[in-house]
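Topology and contacts: notes
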Amino acid sequence: MTKTTLVALLVLASLRAQVRYEDILKSPRENWLTYAGDYASQRHSPLKQINTANIASLVPKWVYHFDGARHLEVSPIVHDGIMYITDSNEVRAVDAARGRLIWRYRVEGVKNARVNRGVAILGDRVYLLTSDVHIVALHRVTGALLWQRAFASADKGYSTSLAPLALKNQVMVGVAGGGSGQRGFVAALSASTGEELWRFWTVPGPGEPGSETWGGFNHEFGGAPTWTTGSFDPELNLIYWPTGNPWPDFYGGRRKGDNLYSDSVLALDAGTGKLKWHFQFTPHDVWDWDANETLVLADANWKGAPRKLMLQANRNGFYYVLDRVTGEFLHARQFVDRLDWAKGIDAKGRPVLVPGKEPTPAGVKTCPSVRGASNWMSPSYNPETGLFYLVTLEQCDIYSGSAKEPVPSSGFRGTAGEQIPAEPGRMYMRALDALTGERKWEAPMPGPATMWAGTVSTAGGIVFAGDDDGSLVAYEARSGKDLWHFPMGNTLFASPVTYMVDGIQFVAIATATDIFAFGLLTHP
Amino acid sequence: MRFLYLPVLIAATLLGQTKNPFAGKPEAIENGRKLFAEVCGACHGPNGEGGRGPSLTTGREVRRATDAQLFQSIRNGIRGTEMPPYPQAPEKIWLLVTFVRSLSAPAVEARLSGDHEAGRRIFETNCASCHSIAGQGGSLGPDLTEAGARLSLALLKEAIVAPNLRLADGYVPVQAVLQDGQTLTGVARNYNNYSLQLLEATGKLHLLDTRQLARVEFPGKSPMPADFAKRFTKVQMQDLIAFLSHQATRKIQ
């Protein structure tokens, strides 16, 4: 075979069913092409083969055991019949209709092994972020390594675990580090080479706007990490990325001020990374209430006029509605019962604090818990019902704080929030009116309150969620009626997805160690 | 598992047995080789190629283990297996560790000399229709972008001159005839009684139920020519191996 023929063959092969940006704009349909399914992070699928009329005949179609895994947090990506799943520093491609391995790629030589929440896909490339902050590009069909490149320094304590977000010709990445004193950033990397196109630091440098909100604290240690996947509005060309807590987590005495841009949402120009607006949910956080929860973009009528909205159920216990064009705060409402740190949110979106709820050396009981009223487990939004579905945690903690000199990467977080043994937490699946935050229905999830599973909503009138007992549960979307469940026998740390292969709809979710895929017993 | 290692590591630290004093020293590797043949060869083969005991040249277990863990495995044996303890002086154990480590050391560490550019040309002419490096090349054979980091020198050489000794997982040659008469030829990335994941040379992947197949055949032999040892001159072979052994994208621990 001549080299020319070879190149021609390869070009031919690569033309087949590449993932174009235009395809991602239409996701989710048969394919599930981003972490949340779509750029708006609604995690709502138009598929309705599985629906309220036939849900009783939903059965497991296959189980893939991810040998070696102990704590899968992946939200699978599905394209062209192939499902991409990850664990620490490892990707596997599995036949999405049959649960059979097609290829696997494990990055060798990585010292740390954090959890991993999944890949991004664009063109012929599947992108993995490693625990030691490299981006790895693999061929989506063969699993061949195309290139890898570091985008931060693991030696400086950076690590990462999120699923990147691919759009146009760039891949958006973020970092962990809120609990160890790294300076957070969001970066756009070239989808072709991994080269950095732009970077936005979430803690401003000396003299930059926002630097005055730190009371002179060293910006290099400020935290505000970017450890979950953001959202994107193609019309506005804005990327929305949430940020985490300032460091040290539980003691704010050395960082007096609001600590921008911690616990915030950033609206960044996709082409330049320039900040268009920001909104901070928990100014001067001392409870580790990262704002890294999913940012859901929804277009709806707001007080009689169509408006581009952003919805977030924040770890601090309030559900927020913002205008995503301007960042204007529109509304907030408490979505858990156990909340005592703030009396409410004022007209500008700022919490009205209850005195005496900050951590002290002796400890103070404050609600919600450090794990948050909700967290990174995926919510979903169904435009047909107008409901926002989420898993919540009703729990208080004893928060203690220490004025000890903070040392980055030492494990010091200013101490902690600790569970109260006599007051165990309880998880609830809840549906909120997306515009008002009013609770429309709820389903208790008895169990140890140790899971981190989320939801997926479908046009079949169903919302699927992981349960605290290790079941996948199907709820009727409007009423919350429990229609179906399947016990998978393991704790859940991931959110479900849905997709279609050869005319068959599947619902899939990772347990701690396996991927389960469900479909109807018989097909039309 | 982690908990099992803990007391071992503590004991090893106490005895000063976490750091290999001979690490990477050629003389120690040679002395280790002699000792290994005497002490371990009966089970693992005189050159660690395997026998009654597993091969120490192929597994990732050896590569992923720390020197201290290898030391403890040799000194104390491995519980639940036939591997007996070897309670001898630390120096002797470290010699064995050094040799065992060298068996599976990534080829890139050998820093082979040779004409890399000539090696690249040989690769492009003879190998790239099936193997890729950094996205350039075919997909019927394993990707070689990290060949130097993932294969030991011994395995790399073996793969070139004796491709039928081990068929790589996921690259089993296959020919399938569909119910409609269409014939597909390529490699089985996976198969069982119920399904076949077949990759064609064009890069087209077929995800099939076996009920869609009229016939499926596995020739059992690698499509890779088995006569490269004869086709290439010694210098050409050296250049090719030098080129491939340098294919690594990051440092392997």
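Look up: the structure comes first, before these words.
Structure report, in brief. One numbering rule holds for all chains: residues counted from 1, following each sequence as written. Going through the entries in the order they are written, you letter the chains from A and number the ligands from 1. The predicted nature of this model means local features are confined to residues of pLDDT at least 70 and side-chain atom pairs, given and counted, to a pLDDT of 80 or more, with totals for whole chains, interfaces and linings taken over all residues. Note that the side-chain values use all heavy atoms of the structure and ignore hydrogens as well as water.

With respect to the overall build of chain B
- Within chain B one finds eleven helices and seven strands.
- Taking the principal axes of the C-alpha coordinates as reference, chain B spans close to 70 × 45 × 30 Å.
- Note on exposure labels: buried denotes an accessible area under 20% of the residue type's maximum, exposed denotes more than 50%, and partly exposed covers the range between, all computed with a 1.4 Å probe on protein chains only. Counting only residues that meet the buried cut, chain B has 43% of its 253 residues in that class.
- Accessible surface, chain B as shown: approximately 13,800 Å² in total, 56% of it carbon and sulfur.
- The positive count covers Lys and Arg only, the negative count covers Asp and Glu only, and His and the chain ends enter neither. Positions of charges follow a simple convention, taking NZ of Lys, CZ of Arg, CG of Asp or CD of Glu. Across chain B, the mean location of the 29 positive side-chain charges is 4 Å away from that of the 22 negative side-chain charges. Strands are runs of DSSP state E lasting at least 2 residues, helices are runs of H or I lasting at least 4, and numbering of each runs from the N terminus. Throughout, the Shrake-Rupley method with a 1.4 Å probe supplies accessible areas, and for residues the shown protein chains are the sole cover considered.

Here we look at helix H9 (residues 153-161) of chain B
- Looking only at H9(B), the buried set comprises B:Leu153, B:Leu155, B:Leu156, B:Glu158 and B:Ile160.
- Looking at the packing, one finds that the buried side of H9(B) touches helix H8 (147-150), helix H10 (228-231) and helix H11 (234-245) of chain B. Between two residues, a contact is recorded if the distance between any of their heavy atoms is within 4.5 Å.

Describing the side chain of A:Thr243
Residue and element names in this part refer to chain A.
- Mapped onto the secondary structure, Thr-243 falls in the loop between strand E16 (238-242) and strand E17 (264-269).
- A polar side-chain atom of Thr-243 sits 2.6 Å from the main-chain carbonyl oxygen of Tyr-261.
- In protein, a polar contact requires one atom able to donate a hydrogen and another able to accept it; more generally it is a pair of N or O atoms within 3.5 Å, and residues adjacent in sequence count only if both atoms are side-chain atoms. At 2.8 Å, the side chain of Thr-243 and the backbone nitrogen of Ser-264 are in polar contact.
- Look past the residues within four positions of Thr-243 in its chain and what remains in contact with it is Thr-202, Ala-224, Pro-225, Thr-226, Tyr-261, Ser-262, Asp-263, Ser-264, Leu-266, Asp-290, Ala-291 and Asn-292.

A word on the interface of chain A and chain B
- On the side of chain B, 36 residues touch chain A, which itself brings 33 residues to the contact.
- Once two parts are joined, some of their accessible surface, as seen by a 1.4 Å probe, is lost; buried area is that loss totalled over both. Both sides of the chain A and chain B interface together cover about 2,800 Å² of buried area, and 50% of this is carbon and sulfur.
- Looking at the side of chain A facing chain B, the largest losses of area belong to A:Arg98, A:Arg100 and A:Glu108, adding up to 23% of the total buried there.
- We define a salt bridge as a contact between a side-chain nitrogen of Lys or Arg and a carboxyl oxygen of Asp or Glu at a distance within 4 Å. Our count for the contact surface shared by chain A and chain B stands at two salt bridges.
- Measuring nitrogen to oxygen at the nearest pair gives 2.6 Å for the salt bridge that ties A:Arg98 to B:Asp209.
- Joining chain A to chain B, the criterion identifies 17 residue pairs in polar contact (both at pLDDT 80 or more).

Side note on the environment of A:Asp258
All names here are of chain A.
- Along the chain, the position of Asp-258 falls in the loop between E16 and E17.
- When the C-alpha atoms of Asp-258 and Pro-283 are compared, they prove to be 4.6 Å apart, with 25 residues separating the residues in sequence.
- Once residues within four sequence positions are removed from consideration, Asp-258 is found in contact with Thr-213, Gln-280, Pro-283, His-284 and Arg-350.

Focus on the state of the cysteines
Residues and elements named next belong to chain B.
- A pair of cysteine sulfur atoms is labelled a disulfide when the two atoms are within 2.5 Å. Under the counting rule described, the total for this entry stands at one disulfide over all chains.
- Cys-43 takes part in no disulfide bond, and the closest cysteine sulfur, belonging to Cys-40, lies 8.9 Å away.
- You can see Cys-127 has no disulfide; the closest cysteine sulfur is in Cys-130, sitting 9.1 Å from it.

Some remarks on the sheet that holds strand E28 (residues 397-399) of chain A
All names here are of chain A.
- Should DSSP find at least two bridges between two strands, the strands are regarded as paired. The three strands are arranged E25-E28-E29 in an open sheet whose pairing can be described as antiparallel. Every other strand in the sheet has two partners, leaving strand E25 (364-366) and strand E29 (417-419) as the edge strands with one partner each. Going from strand to strand, the sheet's axes swing by 40° on average, the running direction of each strand aside.
- Relative to E28, E25 runs antiparallel, the two sharing three bridges. Paired with Lys-365 across the strands is Ile-398, a residue of E28. Note on method: axes are straight lines fitted to C-alpha atoms, helices fitted across the in-contact stretch only, with angles between N-to-C directions ranging 0 to 180 degrees.

Section: empty space enclosed by the protein
- Only protein atoms enter the 1 Å grid used here, on which a cavity is any set of points holding a 1.4 Å probe that cannot leave and a pocket is any open set flanked by protein within 12 Å on both sides along at least five of seven lines; residues with an atom within 4 Å of a point are listed as lining. Grid points are joined across faces, edges and corners, and a volume is the space filled by probe spheres set on the points. Per the counting criterion, the structure on display carries two cavities of 30 Å³ or more.
- Considered as a void within the structure, the largest cavity measures approximately 70 Å³ in volume.
- Here the nonpolar group is Ala, Val, Leu, Ile, Met, Phe, Trp, Tyr, Cys and Pro; Asp, Glu, Lys and Arg are the charged ones; every other residue, Gly included, is treated as polar. Residues belonging to the lining of the largest cavity are distributed by class as follows: five nonpolar, four polar and two charged.
- A volume near 40 Å³ is recorded for the second largest cavity.

Things to note about the pattern of salt bridges
Residues and elements named next belong to chain A.
- Tallied over the full model, the rule gives 40 salt bridges over all chains.
- The closest approach of N and O atoms between Arg-20 and Asp-23, which form a salt bridge, is 2.8 Å.
- According to the relative accessible area criterion, Arg-20 is partly exposed, its value standing at 43%.
- With relative accessibility at 21%, the residue Asp-23 sits in the partly exposed group.

Quick look at the packing of aromatic side chains
Residues and elements named next belong to chain A.
- Within 6.5 Å between ring centres, the rings of Phe, Tyr and Trp (the latter by its six-membered ring) count as paired, and their orientation is classed by plane angle as stacked under 30 degrees, edge-to-face over 60, tilted in between. Counted according to the given criterion, the structure contains 38 aromatic pairs over all chains.
- Between Tyr-84 and Trp-103, the ring centres sit 6.1 Å apart and the planes meet at 50°, which makes this aromatic pair tilted. Here Trp-103 lies in strand E6 (residues 101-106) and Tyr-84 lies in strand E4 (residues 82-87), a separation of 19 residues in the sequence.
- Taken together, the aromatic side chains of Phe-250, Trp-287, Trp-289, Phe-318, Trp-341 and Tyr-399 make up a single cluster linked through ring pairs.
- Positioned above the aromatic ring of Tyr-35, the side-chain terminus of Arg-43 is 5.3 Å from the ring centre.
- Think of it as a cone above the ring: NZ of Lys or CZ of Arg counts as a charge over the ring if it is within 6 Å of the ring centre and within 35 degrees of the ring normal. Here Arg-117 stacks its cationic end above the ring of Trp-376, 4.1 Å away from the centre of that ring.

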